[in-house]
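# Commentary on secondary and tertiary structure
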Amino acid sequence: ITVASLLKDDQTLYPTPAHIFELCRQQNFDILLVDMMKHSSSGDTGNFVEEIICKKIPGLESTCSALHEQMAEKKGRHNPSVPLHYDFVAVEACQSGLIDGALVSREEARKAIQNQQEDVLGLGPNDFPLICPGEDMLKKILEMSIDHEER
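Bear in mind the structure is a predicted one, so any value in this text is a computation, not a measurement.

In this structure the tally under the stated criterion is 1 disulfide. With its sulfur 2.0 Å from that of its partner, Cys54 forms a disulfide with Cys64. Handedness of the Cys54-Cys64 disulfide follows from its S-S torsion of about 105°: it is right-handed. Highlighted residues: Cys54 in helix α3 (residues 48-56) and Cys64 in helix α4 (residues 61-74), separated in sequence by 10 residues. Taking relative accessible area as the criterion, Cys54 reaches 26% and is therefore assigned partly exposed. Using a relative accessible area of 13% as the deciding quantity, one classes Cys64 as buried.

What follows is the structure in structure tokens.
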């Protein structure tokens, strides 16, 4: 999800990346443009942050070394996938007024929902009933996806 996809049809994103680029250029800032799409689609599974810090921005040798040390420490460890289902339900419940966000924290709501789903009902995070978008919404999502892919 990008910020632009959250805008209503009559809204525009301002400042745009082009505006920010122009403002920085006018102030004589050093500018480094990175095509993240090209990098991610090239099949290169290398670390994008490492690429930027160690190869693109001069003068960051200490930062690069620290990054390599941190990466070596974490080698073999992985970031396990965490289901976000309970968090989504908690946020929606708060936005719908079912939970008072001033009285119950997001974490408390998430844990309570997870407890109800797993311990009380004996269900898992993938057992929530889902409501699929209608045909018009699916077409809009497809159009947005194609537009985003073509950029």
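Additional details are given in the paragraphs that follow.
Following both chains from N to C, one finds α3 and α4 inclined at 150°, their axes separated by 9 Å at the closest point. By the angle between their axes, α3 is roughly antiparallel relative to α4. You can see that α3 and α4 cross each other, and the crossing is left-handed. Residues Val49, Glu50, Ile53 and Cys54 of α3 touch α4, and the partners they reach there are Thr63, Cys64, Leu67, His68 and Met71.

Per the counting criterion, the structure on display carries 5 salt bridges. Among the ionic pairs, Arg25 bridges to Glu22, the shortest N-O distance being 2.4 Å. A residue pair is termed a helical-turn pair when its members lie 3 or 4 positions apart in one helix, as Arg25 and Glu22 do in helix α1 (residues 17-26) at 3 residues. In this structure Arg25 comes out as partly exposed when scored by relative accessible area, which is 42%. Classification of Glu22 as partly exposed rests on a relative accessible area of 28%. A salt bridge links Glu51 to Lys55, with the nearest nitrogen and oxygen atoms 3.8 Å apart. Taken together, the residues Glu51 and Lys55, both in helix α3 and 4 residues apart, mark about one turn of the helix.

How each quantity is defined
Residues numbered from 1 in each chain as written. Predicted model: local features only at pLDDT ≥ 70, side-chain atom pairs only at ≥ 80, totals over all residues. Heavy atoms only, no water. Disulfide = S-S within 2.5 Å. Helix = DSSP H or I, 4+ residues; strand = E, 2+ residues; numbered from the N terminus. Buried < 20%, exposed > 50% of the residue type's maximum accessible area, 1.4 Å probe, protein only. Axes fitted to C-alpha atoms, helices over the stretch in contact; angles between N-to-C directions. Parallel < 35°, antiparallel > 145°, perpendicular 65-115°, else oblique. Left-handed = near helix turned anticlockwise from the far one by under 90°. Contact = heavy atoms within 4.5 Å. Salt bridge = Lys/Arg side-chain N within 4 Å of Asp/Glu carboxyl O.

From the geometry alone we can't say anything about function, so treat these as descriptive.
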